[in-house]
Amino acid sequence: MSDPEKVFPTGLTLSEAEELHSQLVDGTRIFGVISALAHVLVAVTTPWLG
Amino acid sequence: MINSRMWLVVNPTVGLPLFLGAVAVGSFSVHVAITTNTTWVNDFLSGREMGSTDAKMAAASTLDTAQAAEVVIDRTAAGEAESAVITLEDGRTAKAYFSEVKTASLQ
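Caption draft 1: Here's a closer look at unusual backbone geometry. With a phi close to 75°, B:Asn3 is a non-glycine residue in the positive phi region. With respect to the helices and strands, the residue B:Asn3 is situated in the segment before helix H1 (12-37).

Here is the structure:
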């Protein structure tokens, strides 16, 4: 697991897997921030949530 | 980064569409549920004031109760309700016939 050059069953090395995962986490954070903003706007401007 | 090693065993060509698809299907179904169970989204899309349909429906249900001006029930000699004539305030009438009362018998 510590060999950075080792290619695992999916064809990725550990550093590639970490890079892919960091992109996915960043995308999830951006999506979360935008959707949270959208939900706040909807809650303020519509009868949603009463 | 925690969990990043899952991409060593889960192929990204499978895992990424699965993850993004789950997010898309989940959020879409929640929004469909909101649009089909509320009236204010349709109010907005139709250019009406949001929540006005709810208020109109509440007013209409009150009006319907008030319009049932008279109900006359016809009864048999035994006192069972046979039929009823409903007369609205605007003069329209409706007649309702009730089914017979079924009694159980051991004979």
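Okay, back to it.
Caption draft 2: Structural view of the interface of chain A and chain B. Across the boundary between the two partners, chain A contributes 22 residues, which contact 20 residues of chain B. Interface area for chain A against chain B, summed over the two sides, is near 1700 Å², with a carbon-plus-sulfur share of 79%. Where chain A packs against chain B, one counts zero salt bridges. Counting every contact that joins chain A to chain B gives four residue pairs in polar contact (both at pLDDT 80 or more).

Caption draft 3: Structural view of the nonpolar core. Formed by A:Phe8, A:Leu12, A:Leu14, A:Ala17, A:Leu24, B:Trp7 and B:Leu8, the largest nonpolar core amounts to seven residues. Ignoring any residue separated from it by four or fewer positions in sequence, one finds A:Leu12 in contact with A:Lys6, A:Val7, A:Ala17, A:Leu20, B:Trp7, B:Leu8 and B:Pro12.

Caption draft 4: Molecular detail of the pattern of salt bridges. Residue and element names in this part refer to chain B. Inspection of the entire model under this criterion finds two salt bridges over all chains. A salt bridge links Arg-48 to Asp-43, with the shortest nitrogen-to-oxygen separation between them at 3.3 Å. The exposure class assigned to Asp-43 is buried, which follows from its relative accessible area of 0%.

Caption draft 5: Geometry of helix H1 (residues 14-45) of chain A. In this model H1(A) runs 46 Å from its N-terminal to its C-terminal C-alpha over 32 residues, within 8% of the 46 Å that 1.5 Å per residue would give. Every buried residue belonging to H1(A) is among A:Leu14, A:Ala17, A:His21, A:Ser22 and A:Leu24, and all of these are buried.

Caption draft 6: Focus on the sheet that holds strand E1 (residues 70-75) of chain B. All names here are of chain B. Judged by pairing direction, the sheet is antiparallel, and its three strands sit side by side in the order E1-E2-E3 without closing on themselves. Pairing within the sheet leaves two strands with one partner each, and these edge strands are E1 and strand E3 (93-97). Sheet twist, expressed as the mean angle between neighbouring strand axes with direction ignored, is 15°. Taken together, the six bridges between E1 and strand E2 (residues 81-87) define a ladder with antiparallel strand orientation. Bridging from a neighbouring strand, Ile-73 pairs with Ala-84 of E2.

Caption draft 7: Main features of a nonpolar patch on the surface. A surface patch of nonpolar side chains, about 360 Å² in accessible area, is lined by A:Phe31, B:Phe19, B:Leu20 and B:Val23. Its relative accessible area of 35% is what places B:Phe19 among the partly exposed residues.

Caption draft 8: The packing of H1(A) against H1(B), seen in detail. The geometry of H1(A) relative to H1(B) is characterised by a closest axis approach of 12 Å and an angle of 10° between their N-to-C directions. It follows from the interaxial angle that H1(A) and H1(B) lie roughly parallel. Between H1(A) and H1(B), the residues in contact are A:Leu20, A:Leu24, A:Thr28, A:Phe31 and A:His39 and B:Pro12, B:Leu16, B:Phe19, B:Val23 and B:His31, respectively. In the contact of H1(A) with H1(B), the residues fall into seven nonpolar, three polar and no charged.

Quick notes on the rules
Residues numbered from 1 in each chain as written. Chains lettered and ligands numbered in written order. Predicted model: local features only at pLDDT ≥ 70, side-chain atom pairs only at ≥ 80, totals over all residues. Heavy atoms only, no water. Helix = DSSP H or I, 4+ residues; strand = E, 2+ residues; numbered from the N terminus. Contact = heavy atoms within 4.5 Å. Buried area = accessible area lost by both parts, 1.4 Å probe. Salt bridge = Lys/Arg side-chain N within 4 Å of Asp/Glu carboxyl O. Polar contact = N/O pair within 3.5 Å; in protein donor to acceptor, adjacent residues only side chain to side chain. Core = buried A, V, L, I, M, F, W, Y, C linked by side-chain atoms within 4.5 Å. Buried < 20%, exposed > 50% of the residue type's maximum accessible area, 1.4 Å probe, protein only. Expected span 1.5 Å × (residues − 1). Pairing = 2+ DSSP bridges. Axes fitted to C-alpha atoms, helices over the stretch in contact; angles between N-to-C directions. Patch = residues over 30% accessible without salt bridge, like charges linked within 9 Å, V, L, I, M, F, W, Y side chains within 5 Å. Areas by Shrake-Rupley, 256 points an atom, 1.4 Å probe, with all protein chains shown as cover. Parallel < 35°, antiparallel > 145°, perpendicular 65-115°, else oblique. Nonpolar A, V, L, I, M, F, W, Y, C, P; charged D, E, K, R; others polar.

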